[in-house]
Amino acid sequence: MLVLGIETSCDETGASVVKDGREILSNMVASSLEFHKRYGGVVPEIATRYHVEVIDYVVKDSLKRSRVKLEDIDLIAVTRGPGLVGSLLVGISFAKALSYSLGVPLVGVNHLWAHLYSGLISRPDIKFPFIGLVVSGGHTSLVFCENAGKFKLLGQTKDDAAGEAFDKVAKVLGLGYPGGPAIEKAARQGDPYAIKFAPAYLGENSYDFSFSGIKTAVLYYIKAHRLNRKVVADIAAGFQKAVVDCLVAKAIDACRAPAKGGSASGGKGVKTLVVGGGVSANILLRKELTREGRACGIEVIFPSFELSLDNAAMVAAMGYRLFKGGVRSRSGLSAESNLRI
Ligand code: KG4
Ligand code: ZN
């Protein structure tokens, strides 16, 4: 079955053709990142206009690269949300028009949960249930994934998302946008133990996150100290370590005792952790989670680096799984910000 995935939730216009939910025939991404850089973050209006300009070309390119004709597509999967509403509507309108004109079914997917399918595409052997950790620019969420149609949220950020905190800290350090890769690069020259930052853990029984306090701590530190290359590198390294430590502790904890926040998995531990979202590209996070997982008998699945960031292959892969489970979207499909699958 050939699925065309379309992703326009933020500043990337993505189109991908995926065969049977696991074989990526093409995965095209056009990004408006350059146009946002001078503002230090994504400007929704610019992102939306960019999607309108390029979506046609990105989809055509995706079909060409996969050597698939439009008439051969069996299903259209599109990101329904959460995301920037104007941007989402470009992809959704395009997908609806294609679905109607081709006479093929349409499935709208949740962007957040689609991030977890980035890691699953190359690992079709992974069985439910597993714990999902989504760490992106807009979300930080721990979820108990019972089956393809049933995800139970265990915890999420109360304020800034992990990626958002990386972006904001990079901004105040003058490292540019996007902040994640910039902090990671600066941190390579720094000592993670030189300056201690601590995110709020929100108590033993909580799977929620809070990263706004650590961001403010960095800001106060910067105000009170003279910055030079070494200090910036130490701040970046200390900040990165604090965020990674917190993500690792909560994610592993959720695998060992997913029932803490509710009745997930009936109190039994879970042996697989699937990670997704832009921050999953972070090398320290990959290293620490893999190490800690191994020590606890938990297999940690990461997407390839290309699939860590927003892409349409994950949308096609998730759309395929939902379609196989009987999900169909109506022509009234619209942008949504809720967390339902
Ligand atoms: O998933 P994503 O591409 O878009 C959203 O759905 O938000 O995530 C983008 C976020 C940005 O905040 C970016 O700074 C962060 O992912 N990011 C990273 C790294 N690469 C991207 N954060 C930490 N380390 C990285 N290497
Ligand atoms: Zn994303």
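Predicted model, so just to flag it, every value in this text is computed and none were measured.

Trainee: Break down the site of ligand 1 for me, with residues and values.
Mentor: Residues in contact with ligand 1 amount to 20 residues; listed here are only the nearest, Gly137, Asp167, Gly180, Glu184 and Gly278. The separation between an oxygen atom of ligand 1 and a polar main-chain atom of glycine 180 is 3.0 Å. In the model, an oxygen atom of ligand 1 is placed 3.2 Å from a nitrogen or oxygen of the aspartate 310 main chain. Summarising the interface, the protein chains cover 90% of the accessible area of ligand 1, which totals 550 Å² for the free molecule. When atom positions are compared with the pocket grids, ligand 1 is found to occupy the largest pocket. Mapped onto the shell around ligand 1, the elements with two or more residues apiece are α4 (111-120), α5 (162-172) and α6 (179-187). No other element matches the four residues that α6 contributes to the shell around ligand 1. The residue makeup of the shell around ligand 1, split by class, is six nonpolar, 11 polar and three charged.

Trainee: Can you lay out the sheet that holds strand β5 (residues 106-110) for me, pointing to particular residues and giving the numbers?
Mentor: Strand order in the open sheet formed by five strands is β3-β2-β1-β4-β5, and the pairing between neighbours is mixed. Two strands bound the open sheet, and with one partner strand each, they are β3 (23-31) and β5. Averaged over neighbouring strand pairs, the angle between their axes works out to 20° when direction is ignored. Contacting β1 (2-7), β2 (12-19) and β3, helix α2 (residues 44-66) crosses the sheet at an angle of about 25° to β2. Lying over the sheet, helix α3 (residues 85-102) contacts β1, β4 (75-81) and β5, oriented at roughly 155° with respect to β4.

Trainee: How would you sum up the packing of α6 against helix α8 (residues 229-256)? Please name residues and give values.
Mentor: It is the contact of α6 with α8, at a shortest axis distance of 7 Å, that shows an interaxial angle of 115°. As summarised for this structure, α6 and α8 are arranged roughly perpendicular, according to the angle between their axes. Regarding α6 and α8, the two cross each other, and that crossing is left-handed. The residues of α8 that touch α6, namely those facing Ile183, Glu184, Ala186 and Ala187, are Ala233, Ala236, Ala237, Phe239 and Gln240. Split into classes, the residues belonging to the contact of α6 with α8 amount to seven nonpolar, one polar and one charged.

Reading guide: rules and limits
- Residues numbered from 1 in each chain as written.
- Chains lettered and ligands numbered in written order.
- Predicted model: local features only at pLDDT ≥ 70, side-chain atom pairs only at ≥ 80, totals over all residues.
- Heavy atoms only, no water.
- Near = heavy atom within 4 Å.
- Polar contact = N/O pair within 3.5 Å; in protein donor to acceptor, adjacent residues only side chain to side chain.
- Areas by Shrake-Rupley, 256 points an atom, 1.4 Å probe, with all protein chains shown as cover.
- 1 Å grid on protein atoms, 1.4 Å probe; cavity = no way out; pocket = protein on both sides within 12 Å on 5 of 7 lines; lining within 4 Å.
- Sits in = over half its atoms within 2 Å of the grid points.
- Helix = DSSP H or I, 4+ residues; strand = E, 2+ residues; numbered from the N terminus.
- Nonpolar A, V, L, I, M, F, W, Y, C, P; charged D, E, K, R; others polar.
- Pairing = 2+ DSSP bridges.
- Axes fitted to C-alpha atoms, helices over the stretch in contact; angles between N-to-C directions.
- Contact = heavy atoms within 4.5 Å.
- Parallel < 35°, antiparallel > 145°, perpendicular 65-115°, else oblique.
- Left-handed = near helix turned anticlockwise from the far one by under 90°.

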